[in-house]
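Structural characterization, general
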Amino acid sequence: TRRIVALTGRKAMEHIRSHEQALHQAAVALRTSPEELPSRVEAMAHEIRDLRKKLSQAAPQQEGPSIDDLKDGSTEVLGVRVVATEIPGARPDAMRHLIDQLRRKAAPVAVLLASCEEEKVTLIAGASRDIVEQGFDCVAWIRAVAKRVGGGGGGRPDMAQAGGKKPGALPQALQAASEEAESLLKKTPKQS
């Protein structure tokens, strides 16, 4: 036994009109005619597959240092791992991502990453929750370092960002970052 569903009369006309309206709306959205809609949708589906493939191939390639490289290049100050380094060409969101990973994997840690683009220096500092709760302040840390590169910044005690106009002074500023971190850590109640 088979069941057949059919529309007749007015219901059939309403059904056809609703499908035509949907077809017209899709054609307008894709900037094509209703007759060319199937080929346009097929071309877009192919383009989406290609873009996804390119994105999946590009994602594994990580530029710059790994988390282990950053941990290995850190110094220990009063029991806290301090990372202060330049990551050439890194974007701020990539630096924040590295800082978040370090805070999860290397606590207690204070991280200050820098990047130069043309004549602009970008600094981002972050600290793990345990030392922030003890009184460590990334805003104070980044402002002290940013002064050395002709800039300033702000943020929250656990994450701060600054900019500067003297890229030539960045190496000295990064060297001083550990000293600034030590000075701030000595002021925290549990470190004194």
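The text that follows walks through the structure, step by step, so that each part is easy to find. Position numbers for residues count from 1 along each chain, tracking the sequence in the order it is written. At least 70 in pLDDT is required for a residue's local features to be given in this predicted model, at least 80 for side-chain atom pairs to be given and counted, and no such filter applies to totals for whole chains, interfaces and linings, which use all residues. The basis for every side-chain value is the complete set of heavy atoms in the structure, and neither hydrogens nor water enter the calculation.

**Re the packing of helix α6 (residues 138-147) against helix α7 (residues 170-187)**
Where α6 meets α7, the axes come as close as 9 Å, and the angle between the chain directions of the two elements is 145°. Taken as a pair, α6 and α7 cross one another with a handedness that is right-handed. Seen from α6, the contacting residues are Ala140, Trp141, Ala144 and Val145; seen from α7, they are Ala173, Ala177, Glu180, Ala181 and Leu184. Residues of the contact of α6 with α7, tallied by class, amount to eight nonpolar, no polar and one charged. Only the stretch in contact is used when a helix axis is fitted, and all axes are lines through C-alpha atoms; the angle between N-to-C directions ranges over 0 to 180 degrees. Here a helix means four or more residues in a row that DSSP labels H or I, a strand means two or more in a row labelled E, and each is numbered from the N terminus. Each crossing is labelled by how the near helix is turned from the far one, with a counterclockwise turn of less than a right angle marking it left-handed and a clockwise turn marking it right-handed. What makes two residues a contact is simply this: any of their non-hydrogen atoms within 4.5 Å. Under the scheme applied here, ten amino acids are nonpolar (Ala, Val, Leu, Ile, Met, Phe, Trp, Tyr, Cys and Pro), four are charged (Asp, Glu, Lys and Arg), and all others, including Gly, are polar.

**Comments concerning the environment of arginine 143**
Note on placement: arginine 143 falls in helix α6. Relative accessible area decides the class of each residue, using a 1.4 Å probe on protein chains only: under 20% of the type maximum gives buried, over 50% gives exposed, and in between gives partly exposed. Arginine 143 sits in the partly exposed class, given a relative accessible area of 44%. With 10 residues separating them in the primary sequence, arginine 143 and glutamate 133 have C-alpha atoms 20 Å apart. Those residues within four positions of arginine 143 in sequence are excluded, and the remaining contacts are Gly153 and Gly154.

**Considering the sheet that holds strand β6 (residues 159-164)**
Across the sheet, six strands lie side by side as β1-β2-β3-β4-β6-β5; this open sheet has mixed pairing. Strands at the two margins of the open sheet, each flanked by one partner only, are β1 (75-77) and β5 (152-156). Averaged over all adjacent pairs, the angle separating strand axes in this sheet is 20°, with direction ignored. Being paired, for any two strands, means DSSP has found at least two bridges between them. By the bridge criterion, three bridges tie β1 to strand β2 (residues 80-86) in an arrangement that is antiparallel. Its bridge partner lying in β2, valine 77 is registered against valine 80. Contacting β3 (109-117), β4 (120-127) and β6, helix α4 (residues 92-105) crosses the sheet at an angle of about 20° to β4. Across the sheet, α7 is in contact with β1, β2, β3 and β4; its angle to β2 comes to roughly 160°.

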